[in-house]
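As a plain string of letters, each chain reads:
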Number of protein chains: 4
Amino acid sequence: MEDVVIVTLDKVELKNPILIEGLPGVGNVGKLAADYLREQLHAKPLATIYSKFFPPQVYVSEEGIIRLVSNDLHYWKASTGAGRDILVLGGDYQGISPEGQYEITQRVLDYCHGLGVREVFTLAGFAQGRVVDAPRVLGAATNAELVEAMKRFGVVFSRNDPGGGLIGASGLFLGLGRLFEMEGVCLMGETSGYFVDPRSAEAVLKVLARVLHIEVDFTALEAKAKEIDRIAQKIHDTEKASEPATPQTREDLGYIG
Amino acid sequence: MEDVVIVTLDKVELKNPILIEGLPGVGNVGKLAADYLREQLHAKPLATIYSKFFPPQVYVSEEGIIRLVSNDLHYWKASTGAGRDILVLGGDYQGISPEGQYEITQRVLDYCHGLGVREVFTLAGFAQGRVVDAPRVLGAATNAELVEAMKRFGVVFSRNDPGGGLIGASGLFLGLGRLFEMEGVCLMGETSGYFVDPRSAEAVLKVLARVLHIEVDFTALEAKAKEIDRIAQKIHDTEKASEPATPQTREDLGYIG
Amino acid sequence: MEDVVIVTLDKVELKNPILIEGLPGVGNVGKLAADYLREQLHAKPLATIYSKFFPPQVYVSEEGIIRLVSNDLHYWKASTGAGRDILVLGGDYQGISPEGQYEITQRVLDYCHGLGVREVFTLAGFAQGRVVDAPRVLGAATNAELVEAMKRFGVVFSRNDPGGGLIGASGLFLGLGRLFEMEGVCLMGETSGYFVDPRSAEAVLKVLARVLHIEVDFTALEAKAKEIDRIAQKIHDTEKASEPATPQTREDLGYIG
Amino acid sequence: MEDVVIVTLDKVELKNPILIEGLPGVGNVGKLAADYLREQLHAKPLATIYSKFFPPQVYVSEEGIIRLVSNDLHYWKASTGAGRDILVLGGDYQGISPEGQYEITQRVLDYCHGLGVREVFTLAGFAQGRVVDAPRVLGAATNAELVEAMKRFGVVFSRNDPGGGLIGASGLFLGLGRLFEMEGVCLMGETSGYFVDPRSAEAVLKVLARVLHIEVDFTALEAKAKEIDRIAQKIHDTEKASEPATPQTREDLGYIG
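Just so you know, these numbers come straight off a predicted model, no measurement behind them.

Please clarify how the interface of chain B and chain C should be interpreted in this entry.
Many structure descriptions define interface size as the accessible area lost when the parts assemble. Contacts between the two partners involve 22 residues from chain B and, on the opposite side, 27 residues from chain C. When chain B packs against chain C, close to 2,100 Å² is buried across both sides, 64% of that on carbon and sulfur atoms. Among the residues of chain B in contact with chain C, B:M1, B:P56 and B:I66 are the three that bury the most area, contributing 32% of the side total. Here chain B is connected to chain C by 1 salt bridge. Note that B:K52 is salt-bridged to C:E103, the shortest N-O span being 2.6 Å. In this structure, the connection of chain B to chain C is made through 7 residue pairs in polar contact (both at pLDDT 80 or more). Secondary structure elements with two or more residues in the side of chain B that touches chain C: strand 1 (4-8), strand 3 (44-51), strand 4 (57-60) and strand 5 (66-68) of chain B. Element by element, the count of residues in the side of chain B that touches chain C is highest for strand 4 of chain B, at 4 residues. Residues of the side of chain B that touches chain C, tallied by class, amount to 16 nonpolar, 3 polar and 3 charged. Alignment of strand 4 of chain B against strand 10 (residues 166-167) of chain C, held across 2 bridges, turns out to be antiparallel. Looking at the pairing, B:V58 lines up with C:L166 of strand 10 of chain C.

Right, here's the structure in full:
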């Protein structure tokens, strides 16, 4: 079979479209943000992406209906003449091997290039290894103009973070994107790395919404964030109760995301 | 070499054929059921499937004759005008890498599509992690009509099982099958997951026989089930004798299948 | 690059040639036997086989000259009109992944088929897990006639050995060979599995020489066997000295091959 | 995507060019030497090499600009009529799988062959497992003439080193290079294997400079070497202070490179 199979579900003409990528990863920040954006925009299905580089797995819905694991593109057409159309890429998995990461990213970029995409925003989490109360949004970009532009939206470009670079789809969409003459930005929400982190996703999405001049209602995402807070607090209390005298490191919480 | 090599052994015209898949897996339920069905129907060899995604291994018969590991398609032609022909897919292994799983499944589906297959039943075991006395048959399907149809045959569609979806051939034949415009059902016999489980295979096959309007004599399969029961009982007794005071978890039995 | 690159070194016409395969494996029996046969026949280089499925490695000779790891085909032309020509396949490695095993074997078989090969003998060791004083030669073949023919040369076809089949090149050359309409035999010398075993290689080669009606001088191979015996005895004595009271299992000797 | 993507940045005519390879490896000796040579020669960018056999990773500069991991070719044109032009291959990674090593090496050799390269020097470290005060430069070559020629520059060809051959790019560029009718030499600087080793890189580069008749100012590399010495000494002192009575093995220092 083809390494990557892209099934087009809808034929659309897009106006200067921008690609937003958010796949599972650290704290699931990127996926949470992209999925929430897609829902809030009521973006429509454009294409489904299957690949032998995903696990050989189907999900079963509560009604008993199976669905092959995939990535998915949704589109949103700007309501005003001045606005830009948006493509949102989400999904169940990133490619499960290095080669798979490259193959899938390259195919999706090629497909999106054909739709007119010349700019990419990738959304991700940045693991700090400690609880982050007010997550900053860190950035990396393909050129100096984008760095300056993002700084005006409060994005932090730190000399040392991320030190070892970015591994996975959020970096690769920018890195390979340059071979397709695309420019782009990676927005990374700070997160502990131990939990799925809707609060970090919210921070990322707030920046993105202002950059894209779109309005997003964050009520549902904040509710999710509070639910996670409650669970984290509960675990914290349980630990405190059982080991009252020892200093707590948050390392013990494990990775829930 | 080609990733998957399909050697056709017999040229046949099939009438609205249905594909039954049963490969090695949890409790070997799917393979036991498919192999037993093939034997009871006296299905004839149609094609042998070799692949570099199987282990580089040959089996040696008691007579000293080697045979390269493979999957195999057998066919059975319905005796009555109203009945549907059946293809049974069995074999020694599933593909041993995720990519291999996709490649083999895609090629077999493509081949079967060429033979007229538009419906697939996949047979599997569902590990409960505990001894199951009267195994239920759980289901998952590609559309709501099939879910309803299967419920009428006693197939259970549970909100929570299988929670994480299906991994391997039984899920993939349905998931990829949709790209070939095939609909289908996965029938999963409950099983402990510690033993090969002919009893679970029997439960699955009984449902399938009623769905397909075919008659199957289960005598030999029941004999096999009783033999496994005897072995399990023996291990159980041995354990009891050696550790009389501690509560038994069936986890200790190990995986025999 | 091509997955497998075969560089032809000499153009020859071969008369009904038979392929002898002996690559590194259990006790290095197959490789020892094939290399010794090649030397004794003064077989000439025919082709070198490189592959990305071998390790990315070069060997350096004592003179400082590098050589890329490879498999190699040598040929020997029968001196009498009635005899058959012989191809010997040896080398540094088997393919290091399952897929690599298939790819390399398929390409070499294809190449040999082009040279007229229709019969294959594969040489291997069969690990018994205990010291074997007088190694028998076990067999497996592609058809019943060959089984009967080999029995007349003293080859043992055991109901239970090898129980799980053959894994690796020696099995695969026969299994895939059938897709090239080749018939063949695997000759397996019994060996402990802990040492390189020239004695087992000698047993295998003695059978093969009689089958092929060729004369082989075994002096050098017997010398090698005696050297290994001396080393094994030394280790045995050292162990006995250091742990005089405990029963020895040969498992402690480690794998030298 | 293509397995290996080579983006040409500059079109040049090269005069009898020689390829110098130095990628990350033992003690980072090869990479240090090649990078230093490139800087000292003010070699110009010729081509960037991307591959799905590198990790799916981007680096982020201090200014926040991303860069996809790659290998890179730079060129230097000899100033005198008699001199030879030089190509320097460096980069972030070697291919991360055996197949990847072969694929990348083959593609780069093919590309360089097109530029007229018929001779290759590969630079590497040779791990001695102990501190090496005055690193020798060991050699391996594709033919006896090159061995003799290198001996005249003080390169050591040892009967026993490297015993198991060379694994990775430095060996493979020579081994596969022969399929492109290239001859070549591997220069290996002795190193402990525990540190990045600029001193070993200097030893290698000094030989290479004399072979190529080029002048290199080693001031900066020596400064780097002294810095590493200081760090090593510090660790050594700390260990001595904390475990004063036990003999030190340098194995404890860990691998920093």
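Can you help me understand the pattern of salt bridges in this one?
A side chain of one charge can pair with a side chain of the opposite charge when the charged atoms of the two come close. One pass over the full model with this rule turns up 56 salt bridges over all chains. A salt bridge links A:R67 to A:D92, with the nearest nitrogen and oxygen atoms 3.1 Å apart. In this pair, A:R67 sits in strand 5 (residues 66-68) while A:D92 sits in the loop between strand 7 (86-91) and helix 2 (98-114), placing the two residues 25 residues apart along the sequence. Its salt-bridge partner being B:R199, residue B:D229 comes within 2.5 Å of it at the nearest N-O pair. You can see B:D229 sitting in helix 6 (residues 219-242) and its partner B:R199 sitting in helix 5 (residues 198-212), a full 30 residues away along the chain. On the basis of relative accessible area, B:D229 is assigned to the partly exposed category, the value being 36%. Classification of B:R199 by relative accessible area gives partly exposed; the value is 28%. Salt bridges sharing partners connect three or more residues here, namely A:K31, A:D35, A:R38 and A:E39.

Help me out: how do you make sense of the pairing of strand 4 (residues 57-60) of chain D in this one?
Residue and element names in this part refer to chain D. With 3 bridges connecting them, strand 4 and strand 5 (residues 66-68) associate as antiparallel partners. Bridge pairing in strand 5 links V58 to L68. From the end of strand 4 to the start of strand 5, which pair antiparallel, there are 5 residues, and G64 there has a positive phi angle of about 90 degrees.

Looking at this model, I keep getting lost on the sheet that holds strand 6 (residues 71-76) of chain D. Mind explaining?
Two strands in a sheet stick together by hydrogen bonds in their backbones, pointing the same way (parallel) or opposite ways (antiparallel). All names here are of chain D. Taken in spatial order, the 8 strands of this open sheet run 1-3-6-7-2-8-11-9, and their pairing is mixed. Edge positions in the sheet fall to strand 1 (4-8) and strand 9 (137-141), since each has one partner strand and no second. Between one strand and the next, the sheet's axes are offset by a mean angle of 20 degrees, whatever the strand orientation. With 5 bridges joining them, strand 1 and strand 3 (residues 44-51) adopt antiparallel strand pairing. Bridge pairing in strand 3 places T8 opposite A47. Taken strand by strand, helix 2 (residues 98-114) contacts strand 1, strand 2 (18-21), strand 3, strand 6 and strand 7 (86-91), and its axis lies near 30 degrees from that of strand 1.

Definitions and cut-offs
Positions within a chain are numbered from 1, following the residues in the order the chain's sequence is written. Following the order in which they are written, the chains are lettered starting with A and the ligands numbered starting with 1. Reporting of local features is limited, given that this is a predicted model, to residues whose pLDDT is at least 70; pairs of side-chain atoms are given and counted only at 80 or more, and all residues count toward the totals for whole chains, interfaces and linings. Computation of side-chain values: all heavy atoms of the structure, hydrogens and water removed. In this description, contact between two residues means that some pair of their heavy atoms is separated by no more than 4.5 Å. Buried area is understood as the total, over both parts, of accessible area removed when two parts are fitted together, assessed with a 1.4 Å probe. Should a side-chain nitrogen of Lys or Arg be within 4 Å of a carboxyl oxygen of Asp or Glu, the pair is scored as a salt bridge. For the purposes of these results, a polar contact is taken to be a pair of N or O atoms within 3.5 Å, where, inside protein, one atom must be able to donate a hydrogen and its partner to accept one; residues adjacent in sequence count only when each atom of the pair is a side-chain atom. Helix and strand labels come from DSSP, where a helix needs a run of H or I of at least four residues and a strand needs a run of E of at least two; each type is numbered from the N terminus. Three classes are used, and their members are as follows: Ala, Val, Leu, Ile, Met, Phe, Trp, Tyr, Cys and Pro are nonpolar, Asp, Glu, Lys and Arg are charged, and the others, Gly among them, are polar. Between any two strands, pairing holds if DSSP finds at least two bridges. In this scheme, a residue with accessible area under 20% of its type's maximum is buried, one over 50% is exposed, and one in between is partly exposed, where area comes from a 1.4 Å probe on protein chains only. Axis lines are fitted through C-alpha atoms, for helices just across the contact stretch, and the angle between N-to-C directions can take any value from 0 to 180 degrees.

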